[in-house]
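Tertiary structure, described
The chain contents come next:
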Amino acid sequence: MICKICGKEMEKQHTWYKHKLHYKDYYDKYLKQPNDGICVVCGKPTSWCRTYYKTTCSIQCACINPLRNEKIKQTNLKKYGVENAYSIDRVKQHSIEAIKQQKRNYKCLYCGKDSGIKKFCSKICQDTFNKTGGSYNNRTQAKQTCKKKFNGKMNSGAWPTRMSKIEQFEKEHNCTSIKKLTNMYGRAWEVLNLPRLMINKQNNAISNEYLPLIEEFASKYHITVHSKIEDVILLDIKEV
């Protein structure tokens, strides 16, 4: 791809390194077409995704995007010989078994109730969803519940609840979360490759029996909160 500014071949992050221009600004000025950044379903503005504008503004519009649905039909016809792959008993049974193994159900796109392997829990929800242009009725109700429960603020009670669960896990397993250790000693101590305990999908912890080892490591290399693994390597090289 040739740069519209300098006429040279564009390399990785060319617009920023060569012209101090974010790629979105470059795209808007030199490459943007009249329909870019406009939802093909409802006409609302769409968000920027690293190197391009999304074709739809939301999941709702993506579900009813005629171009997307037509592409899915053509793929199913080419691969399975039918428009809907779930009409094949083998594929349908495979999906059911996968859901059972994960011990979960899908949520109805309209009311939010468990719907098994279907997008909607009933024909009424499906018809209402299509009539309203694919609106999520349960989201409006969820916003009202959050505002009422947390004094008018969305999700203000989520973080304290998450922190209390992490603190409870630390007490029960005699450990310290990675985030706390990072705030105290930076991230350089991670080169020790200490075994970790999984709190949840986003948080891990280190057993407190390894705290003296981490403290000794930090004092030896004079590690600060902002130190990184590269700092430790640099100190070792300087000693050599």
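As a reminder, the structure under discussion sits directly above these lines.
Residues numbered from 1 in each chain as written. Predicted model: local features only at pLDDT ≥ 70, side-chain atom pairs only at ≥ 80, totals over all residues. Heavy atoms only, no water.

**Regarding the overall build of the protein chain**
Cut-off, in case you're wondering: Secondary structure counts use DSSP, requiring at least four H or I residues in a row for a helix and at least two E residues in a row for a strand, with both numbered from the N terminus. Under the scheme applied here, a residue whose accessible area is under 20% of the maximum for its type counts as buried, over 50% as exposed, and between as partly exposed, the area being computed with a 1.4 Å probe on protein chains only. Contacts between residues were defined by any pair of non-hydrogen atoms, one from each residue, lying within 4.5 Å. The Shrake-Rupley method, run with a 1.4 Å probe, gives the accessible areas here. Residue values count only the displayed protein chains as cover.
In terms of regular secondary structure, the protein chain is built from eleven helices and seven strands. The burial tally for the protein chain puts 25% of its 240 residues in the buried class. Contacts in the protein chain between residues at least 24 apart in sequence constitute 34% of all its contacts with a sequence separation of at least 6. Total accessible area on the protein chain is roughly 18000 Å²; 53% of this is exposed by carbon and sulfur atoms.

**Let's talk about the pairing of strand E7 (residues 204-207)**
What counts here: In this analysis, strands are considered paired if DSSP registers two or more bridges between them.
One ladder, built from three bridges, connects strand E5 (residues 175-177) with E7; its direction is antiparallel. Bridge pairing in E7 links serine 177 to alanine 205. By the bridge criterion, two bridges tie strand E6 (residues 197-198) to E7 in an arrangement that is antiparallel. When the bridges of E7 are listed, leucine 197 appears paired with alanine 205. Hairpin connection of E6 to E7: five residues between the antiparallel strands.

**Notes on the packing of aromatic side chains**
Selection rule: In summary, the pairing rule links any two rings of Phe, Tyr or Trp, Trp by its six-membered ring, whose centres are within 6.5 Å, and it sorts them by plane angle into stacked for under 30 degrees, edge-to-face for over 60 and tilted for everything else.
This model, assessed by the stated rule, comprises seven aromatic pairs. Both rings, one in tyrosine 23 and one in tyrosine 27, keep their centres 6.4 Å apart while their planes meet at 50 degrees; by these two values the pair is tilted. Of this pair, tyrosine 23 and tyrosine 27 both sit in helix H2 (residues 23-31), separated by four residues, roughly a single helical turn. Taking relative accessible area as the criterion, tyrosine 27 reaches 14% and is therefore assigned buried. Clustering of aromatic rings is evident, with ring pairs tying together Tyr23, Tyr26, Tyr27, Tyr30, Trp48 and Tyr53.

**Some thoughts on the nonpolar core**
As a rule of thumb, nonpolar side chains are buried together in soluble globular proteins. Quick note on the threshold: Nonpolar core, defined: a set of buried Ala, Val, Leu, Ile, Met, Phe, Trp, Tyr and Cys residues in which side-chain atoms within 4.5 Å join the residues together.
By size, the foremost hydrophobic cluster in this structure holds eleven residues: Ile178, Leu181, Tyr185, Ala188, Trp189, Leu194, Ile206, Leu211, Ile214, Phe217 and Ala218. The element contributing the most residues to this core is helix H10 (residues 211-220), with four residues.

**Describing the side chain of histidine 14**
By secondary structure assignment, the location of histidine 14 is in helix H1 (residues 14-19). Residue histidine 14 is classed as buried on the basis of its relative accessible area of 5%.

**Considering the sheet that holds E5**
Across the sheet, three strands lie side by side as E5-E7-E6; this open sheet has antiparallel pairing. Two strands lie at the open edges of the sheet, namely E5 and E6, each paired on one side alone.

**A closer look at unusual backbone geometry**
For glutamine 13, which is not a glycine, the phi torsion comes out positive at approximately 55 degrees. Positive phi, normally seen in glycine, also occurs at arginine 50, with a value near 65 degrees. Summarising the element assignment, arginine 50 is placed in the loop between strand E1 (48-49) and strand E2 (52-53). On the accessibility criterion, arginine 50 (73% relative accessible area) is exposed.

**Some details on the pattern of salt bridges**
Think of it this way: side chains of opposite charge can pair up when their charged atoms draw near. Counted only if it meets this: Salt bridge, as used here: a side-chain nitrogen of Lys or Arg that lies within 4 Å of a carboxyl oxygen of Asp or Glu.
Applying the stated rule across the entire model yields four salt bridges. For lysine 24, the salt bridge goes to aspartate 28, with nearest N and O atoms at 3.1 Å. Taken together, the residues span about one helical turn, with lysine 24 and aspartate 28 both in helix H2 at a distance of four residues. The shortest N-O distance in the salt bridge between lysine 180 and glutamate 170 comes to 2.9 Å. Remark: glutamate 170 occurs in helix H8 (residues 158-173) and lysine 180 occurs in helix H9 (residues 178-185); sequence separation between them is ten residues. The class of lysine 180 is partly exposed, set by a relative accessible area of 32%.

**Examining helix H4 (residues 66-79)**
Applied cut-off: One less than the residue count of a helix, multiplied by 1.5 Å, gives the span that helix is expected to have. The definition of a polar contact used here is a pair of N or O atoms within 3.5 Å, where within protein one atom must be able to donate a hydrogen and the other to accept one, and adjacent residues in sequence count solely through side-chain atom pairs.
With 14 residues, H4 should reach 20 Å at 1.5 Å per residue; the first-to-last C-alpha distance of 20 Å fits that figure. In this structure asparagine 65 caps H4, since a side-chain oxygen of it lies 3.3 Å from the backbone nitrogen of leucine 67. Remark: glycine 81 follows H4 within two positions and exhibits a positive phi of approximately 85 degrees.

**Here's the deal with the environment of tyrosine 27**
Residues tyrosine 27 and threonine 51 lie 24 residues apart in sequence; the distance between their C-alpha atoms is 8.2 Å. When near neighbours in sequence (up to four residues on either side) are disregarded, tyrosine 27 contacts Lys32, Asp36, Trp48, Thr51 and Tyr53. A polar side-chain atom of tyrosine 27 sits 2.8 Å from a polar atom in the side chain of aspartate 36.

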